[in-house]
Amino acid sequence: MAARADGVGDAVALAAGVVGRRLAGRRPDVLIVLGSGLGGLAARLERPVRMPFRDIPGFPAVGVAGHAGELVAGDLAGRPVLAQSGRFHSYEGHEPATGALPLRAAAALGARTAILTSAAGAIRRSLAGGTLMLIADHLNLSFRNPLLGAARPGEVRFPDMSDPYDAELRRLAREVARERRIRLEEGVYAGVLGPSYETAAEIRMLDRLGADAVGMSTVGEVIAARAAGLRCLGISAITNLAAGLGPAGLAHGDVVVVAARLGDALGALVEGVVGRL
């Protein structure tokens, strides 16, 4: 069952109740959202408790390759975390509120920080495939918003989005990257609806708008997180050059393969940040 704007409160309470019972009273400090091909980070968790999406009310089945479709609770760098391996994308027909449901449930369970990872295509040519990019800001070009409808208790009706990606978390990420010799770029992420890849003309437009990379996730979750008062850190695995910028065509399978190659670097970066929160 998908959560719609008019039933968001009930959906969050139901999902949080089921997950909370599996956690047996242990509250997660951090929600980590794992993008396409990046689910390997969940293997770093100690004392894992796995919860398939099918067992959680309101969580649809995952229909995209590279997404495991489960929540994994456990310890990372000594902190209790909840890893979301799989997303509910709007391009699959889900409402924006459904995409934000895991985040809202994690917030209801006590999480105060969200680390969101994703696969993205490079618009800035210096972002060669196989690079991690820290998200400094975003463009919401999906033109969808999970806050539509009645305001939820405990959420800000008009959240300030002037600095959605927490400056202190970004500083920590840069510090960890330097110490562990992880290449980490920084840029603006353009969130689009998908599921078709962009045309070469659309990439030229996004370039002129100030985007450094483009993907089909993250933005709606960050909006919901800011409304709920969570701090956000966004990291994109840059897996390919966007349309018209390279000789090769685009295929999701290739994106998943390159993202998986970045799994160790991403895991080390996220673990280092969590350990310093």
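Predicted model only: the values in this text are computed from it and were never measured. (Residues numbered from 1 in each chain as written. Predicted model: local features only at pLDDT ≥ 70, side-chain atom pairs only at ≥ 80, totals over all residues. Heavy atoms only, no water.)

## Thoughts on the overall build of the protein chain
The number of helices and strands found in the protein chain is eight helices and nine strands. Taking 2.2 N^0.38 as the reference for a compact globule, 277 residues should give roughly 19 Å; the C-alpha atoms of the protein chain span a radius of gyration of 17 Å, in line with that estimate. With respect to the principal axes defined by its C-alpha atoms, the protein chain has extents near 50 × 40 × 35 Å. Counting over 277 residues, the protein chain shows a buried share of 54%. In the protein chain, the proportion of contacts linking residues at least 24 apart, taken out of those at least 6 apart, comes to 83%. Total accessible area on the protein chain stands at roughly 11500 Å², and carbon and sulfur atoms take up 52% of it. Distance between charge centroids for the protein chain: 2 Å, based on 31 positive and 27 negative side chains. (Helix = DSSP H or I, 4+ residues; strand = E, 2+ residues; numbered from the N terminus. Rg over C-alpha atoms; globule rule 2.2 N^0.38 Å. Buried < 20%, exposed > 50% of the residue type's maximum accessible area, 1.4 Å probe, protein only. Contact = heavy atoms within 4.5 Å. Areas by Shrake-Rupley, 256 points an atom, 1.4 Å probe, with all protein chains shown as cover. Lys, Arg positive; Asp, Glu negative; His and termini not counted. Charge placed at Lys NZ, Arg CZ, Asp CG, Glu CD.)

## Looking at the packing of aromatic side chains
One pass over the full model with this rule turns up three aromatic pairs. The interplanar angle of 65° and the centroid separation of 5.3 Å between the aromatic rings of F53 and F59 together place this pair among those described as edge-to-face. Judged by its relative accessible area of 6%, F59 falls in the buried class. Summarising the aromatic geometry, the rings of F53 and F88 are spaced 5.1 Å apart at their centres and angled 65° between planes, so their arrangement reads as edge-to-face. Placement of F53 in the loop between strand 2 (46–52) and strand 3 (70–76) and of F88 in the loop between strand 4 (79–85) and helix 2 (96–99) is noted, with a sequence separation of 35 residues between them. (Phe/Tyr/Trp six-rings, centres within 6.5 Å; stacked < 30°, edge-to-face > 60°.)

## Re the packing of helix 4 (residues 167–179) against helix 8 (residues 263–274)
For the pair helix 4 and helix 8, the least separation of the axes is 9 Å and the interaxial angle reads 125°. Judged by the inter-axis angle, helix 4 sits oblique to helix 8. Considering the relative orientation of helix 4 and helix 8, their crossing is right-handed. Along its contact with helix 4, which presents L172, A173, V176 and A177, the element helix 8 presents A268, L269, G272 and V273. In terms of residue class, the contact of helix 4 with helix 8 is made up of seven nonpolar, one polar and no charged. (Axes fitted to C-alpha atoms, helices over the stretch in contact; angles between N-to-C directions. Parallel < 35°, antiparallel > 145°, perpendicular 65-115°, else oblique. Left-handed = near helix turned anticlockwise from the far one by under 90°. Nonpolar A, V, L, I, M, F, W, Y, C, P; charged D, E, K, R; others polar.)

## Focus: the pairing of strand 4
Of all seven residues in strand 4, six are buried, a share of seventy percent or more. Pairing between strand 1 (residues 30–34) and strand 4: five bridges, direction parallel. Across the sheet, I32 pairs through a bridge with A83, a residue of strand 4. As defined by bridge partners, strand 3 adjoins strand 4 across seven bridges and the pair is classed as antiparallel. Its bridge partner lying in strand 4, A73 is registered against L82. In sequence, strand 3 turns back onto strand 4 through a hairpin of two residues, with A77 there showing a positive phi of about 55°. (Pairing = 2+ DSSP bridges.)

## Let's talk about unusual backbone geometry
In this structure, the amide linkage connecting G194 to the following residue, P195, adopts the cis form with an omega of 5°. Assignment of secondary structure puts P195 in the loop between strand 7 (184–191) and helix 5 (200–209). One non-glycine residue with positive phi stands out, namely F143, at about 55°. Within the element layout of this structure, F143 appears in the loop between strand 6 (131–140) and helix 4. One non-glycine residue, R181, lies in positive phi territory at about 55°. Within the secondary structure, R181 is located in the loop between helix 4 and strand 7.

## A few points about the confidence of the model for the protein chain
Looking at the protein chain, the pLDDT average stands at 89 and 91% of residues meet or exceed 70. Per-residue pLDDT, averaged within each element of the protein chain, yields its smallest value for helix 7 (residues 252–261) (71) and its largest for helix 4 (98). Across residues 1–6 the pLDDT falls below 50, and counting only partners more than four positions away or on other chains, this stretch makes 15 contacts in the model. (pLDDT = per-residue confidence, 0-100.)

## A few points about the side chain of D166
The residue D166 is located in the loop between strand 6 and helix 4 in this model. A polar atom in the side chain of D166 sits 2.9 Å from the backbone nitrogen of L169. When sequence neighbours within four positions are dropped, the list of residues in contact with D166 reads R231 and C232. (Polar contact = N/O pair within 3.5 Å; in protein donor to acceptor, adjacent residues only side chain to side chain.)

## Things to note about the side chain of Q84
The residue Q84 is located in strand 4 in this model. You can call Q84 buried: its relative accessible area is 1%. Sequence-distant contacts of Q84, that is, excluding residues within four places in its chain, are made with L31, I32, V33, L34, F53, E70, L71, P102 and E221.

## Considering the nonpolar core
Of all hydrophobic cores here, the largest spans 45 residues; its most connected members are V19, M51, F59, L71 and L82. Every element with two or more residues in this core is listed here: helix 1 (8–23), strand 1, strand 3, helix 3 (101–108), strand 5 (113–122), strand 6, helix 6 (219–227) and strand 9 (231–241). Every residue in contact with L71, bar those within four places of it in the chain, is listed here: V19, V49, R50, M51, F53, I56, F59, L82, A83 and Q84. With 31 residues, the next largest nonpolar core counts L34, L76, L172 and I182 among its residues. (Core = buried A, V, L, I, M, F, W, Y, C linked by side-chain atoms within 4.5 Å.)

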